[in-house]
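Take a look at the letters that make up each chain.
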Amino acid sequence: MTAQPGDSERHIVPRWRSLAATIAAGELSHRGRPRGSGARLSSKPLQAKVELTFQARVTEWQIERDLPAAEELVAAAIASQRFSDPDAQDAATLLTRDGSASPTTRQLANLFLKSTSDAIHSQRRNLQLRLQLNKRKRLLEIYPRDSLLLTETALIYLFLADRTKAAHFLWRASALTPNDRYVARSMVRFLVHIGDPEAAVAFSRRLTASFHDPWLLSAMLAAGEAAGVPVQGIREARRMLSSKNFSEFDLGELASAVASIQLRNGGDRLARRHFRQSLLDPTENAVAQAEWARRRDGLIDVTQAQLSVPGAFEAMAWEAYATADWQRSLDATRKWFEAEPFSPIPAIHGSFLAAEMLHDPATALSLADDGLVFNKHEPTLLNNKAVALALLGRLDDAEQTLSTVGVGNDGIAIKATRGLIAMRRGNLTVGAESYLQAIQMAVDARTPEIWARASAHFAREIGRYSPAIAVDIAGHVERAVLSERWKSVRVAPDVAVLLNQVKAIEAVDGAIDHIEDIRREFIERSGDVVV
């Protein structure tokens, strides 16, 4: 069965975007701007220096007609999908013929010239990143101590799935300007991303600015929560949140970090107050955190206006999912992935939605593959890819994919997927046993919501052999979900979708004689499902 990203925990760790995107979001505005002092610091003058428009690069090419101008124009053409633009074609031709261009640049230019927009779409990001990387390497030869340039280079390497080089450039940047907001928040995000939140906490605590800048203090609190270590800085956070020296926007993520800590510690009333404060003038990250909190406390409100904050794709994806608007959720998830491709979560969520809710295993496979470019050993992505392959009838490929999941990751979803593959091969006995093991694991772990999902998947596959038995199993699941004891259990919407699918399945010829025994085994292993 496909799996969703773990939704039990979310921490408001900083986003890591390009410098231009961070400036555009207003996150590098002047510190200490008083509340009520007017609009956020305009980023337009800075943006103009960082990011030229496509037409500006065309003009530059028409004047200069040299190698740097050609690289800039081809990169812009890729970004804006101007594949047939004559100036971009001329620039790419120059890159293929200029012997001083790097081999990578010539290779990418050749690919640009040979590809149509449809053919190049899947390679567009890599093309653009490689050209950006070449540009930054040249700039670093001139400005080797530019910490912002080093940090952006690290981000490109992370987008290219090279964590080692990303770490190298990021630590160089941190050594030069450790208290710079862009550098420090990028470092915290990177360390949490690679699974070392303890290092993120240690790094943050060494910074003098962490206790004076709300953007850095929020990052430290979020890293501490992710690491599960005693939180430091709460007193300073409360002081800042009641101060008149910062704008609501500057305090948004700090208020969200404090609210999240209070929510986990049972301080619901205080958490709601601070979540409200975080949404007065929120970042999209604060909106996503509040949307996560709303799924735990229905008294936390996130308005449509707040969901419309620029870039709030994660929050929109989850809000649409909660309202069973599957296509809108998938559309937002795609944009979320584009904004944060190195995070496995949007790819997991998107592949789950496509496979289970939209019945589109081809799209699920594509999304899982996209995510695996950046996280090639991520077990949930590998599982979701295997499910998509099985649903497409590519059972050998599905089994091969599942075999690459590392030792120790053979959890409930993996067990259930082994059952799916076996049952699609026609091996009911082996497949049913795998599903029943997954169901037993969910019962033993006291996770009724996972039991419901695994059982619903099992019912769907049983329905290919005996619709009557499948309906009986589905009825057992429905009775449990609707019972009084399940009122506090958050059952995922896909369970109802799967149970409805059971009613529409036709039997496979020659149903296995002992399917009734399998039904009894399911009832026995499910037992009196404990909440």
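The structure this text deals with has already been given above.
Residues numbered from 1 in each chain as written. Predicted model: local features only at pLDDT ≥ 70, side-chain atom pairs only at ≥ 80, totals over all residues. Heavy atoms only, no water.

**Side note on the overall build of the protein**
In step 1: Looking only at helices and strands, one finds 30 helices and zero strands in the protein.
In step 2: Taking all 531 residues of the protein together, 53% fall into the buried category.
In step 3: In the protein, 65% of the contacts between residues at least 6 apart in sequence involve partners at least 24 apart.
In step 4: Surface accessibility of the protein: about 23200 Å² in total, with carbon and sulfur atoms responsible for 52%. (Helix = DSSP H or I, 4+ residues; strand = E, 2+ residues; numbered from the N terminus. Buried < 20%, exposed > 50% of the residue type's maximum accessible area, 1.4 Å probe, protein only. Contact = heavy atoms within 4.5 Å. Areas by Shrake-Rupley, 256 points an atom, 1.4 Å probe, with all protein chains shown as cover.)

**Quick look at the pattern of salt bridges**
In step 1: Applying the stated rule across the entire model yields 31 salt bridges.
In step 2: In this structure, Arg 394 and Asp 397 form a salt bridge, with 3.1 Å as the shortest nitrogen-oxygen distance.
In step 3: In this structure Arg 394 comes out as partly exposed when scored by relative accessible area, which is 41%.
In step 4: Of the residues examined, Asp 397 reaches a relative accessible area of 35% and is grouped as partly exposed.
In step 5: Salt bridges sharing common partners tie together Arg 10, Arg 15, Arg 17, Glu 27, Arg 185, Arg 189, Glu 253, Glu 284, Glu 314 and Glu 340. (Salt bridge = Lys/Arg side-chain N within 4 Å of Asp/Glu carboxyl O.)

**Digging into the environment of Val 471**
In step 1: Residue placement: Val 471 occurs in helix H28 (residues 467-482).
In step 2: Its relative accessible area of 44% is what places Val 471 among the partly exposed residues.
In step 3: Along the backbone, Val 471 and Asn 500 are 29 residues apart, and their C-alpha atoms lie at a distance of 9.5 Å.

**Here's the deal with the environment of Ala 101**
In step 1: Along the chain, Ala 101 turns up in the loop between helix H5 (86-97) and helix H6 (103-114).
In step 2: Remark: the alpha-carbon pair of Ala 101 and Pro 68, spanning 33 residues in sequence, is separated by 9.4 Å.

**A few points about the nonpolar core**
In step 1: In terms of nonpolar packing, the biggest core is built from 73 residues, with Leu 428, Trp 451, Phe 458, Ile 462 and Phe 522 touching the most fellow members.
In step 2: At eight residues, helix H26 (residues 428-444) tops the list of elements feeding residues into this core.
In step 3: Those residues in contact with Ile 462, other than ones at most four positions away along the chain, are Met 423, Leu 428, Ile 469, Ala 470, Ile 473, Ile 515 and Ile 518.
In step 4: Counting 56 residues, the second largest nonpolar core, distinct from the first, contains Phe 169, Leu 217, Leu 221 and Ala 237. (Core = buried A, V, L, I, M, F, W, Y, C linked by side-chain atoms within 4.5 Å.)

**Looking at helix H17 (residues 284-294)**
In step 1: The element H17 is extensively covered by neighbouring structure, given that ten of its eleven residues are classed as buried.
In step 2: Among all positions of H17, only Glu 284, Asn 285, Ala 286, Val 287, Ala 288, Gln 289, Ala 290, Glu 291, Trp 292 and Ala 293 are buried.
In step 3: The secondary structure elements touched by the buried residues of H17 are helix H15 (248-264), helix H16 (268-278), helix H18 (304-307) and helix H19 (313-322).

**Remarks on the packing of aromatic side chains**
In step 1: Overall, the coordinates contain 14 aromatic pairs when judged by the stated rule.
In step 2: Between Trp 451 and Phe 522, the ring centres sit 6.4 Å apart and the planes meet at 15°, which makes this aromatic pair stacked. In this pair, Trp 451 sits in helix H27 (residues 448-462) while Phe 522 sits in helix H30 (residues 515-526), placing the two residues 71 residues apart along the sequence. One exposure class covers both Trp 451 and Phe 522, and it is buried.
In step 3: One aromatic cluster is present, built from ring pairs that chain together Tyr 435, Trp 451, Phe 458, Trp 486 and Phe 522.
In step 4: For the cation-ring pair, Arg 295 lies above Trp 318, with the distance from its terminal atom to the ring centre recorded as 4.5 Å. (Phe/Tyr/Trp six-rings, centres within 6.5 Å; stacked < 30°, edge-to-face > 60°. Lys NZ or Arg CZ within 6 Å of the ring centre and 35° of its normal.)

**Re the packing of H28 against helix H29 (residues 493-502)**
In step 1: Relative to each other, H28 and H29 sit at 155°, their axes nearing to 9 Å. In terms of orientation, H28 lies roughly antiparallel with respect to H29. For the crossing formed where H28 meets H29, the hand is left-handed. Each of Ala 470, Val 471, Ala 474, Val 477 and Glu 478 in H28 lies in contact with H29, whose residues at this interface are Val 495, Leu 499 and Val 502.
In step 2: Tallied by class, the residues present in the contact of H28 with H29 amount to seven nonpolar, no polar and one charged. (Axes fitted to C-alpha atoms, helices over the stretch in contact; angles between N-to-C directions. Parallel < 35°, antiparallel > 145°, perpendicular 65-115°, else oblique. Left-handed = near helix turned anticlockwise from the far one by under 90°. Nonpolar A, V, L, I, M, F, W, Y, C, P; charged D, E, K, R; others polar.)

**Concerning unusual backbone geometry**
In step 1: The phi dihedral of Ala 161 falls on the positive side, at around 65°, and the residue is not glycine.
In step 2: The exposure class assigned to Ala 161 is partly exposed, which follows from its relative accessible area of 35%.
In step 3: Unlike most non-glycine residues, Ala 324 shows phi in positive territory, near 65°.
In step 4: Among the structural elements, Ala 324 can be located in the loop between H19 and helix H20 (326-339).
In step 5: Taking the relative accessible area as the measure of exposure, Ala 324 reaches 42% and is therefore partly exposed.

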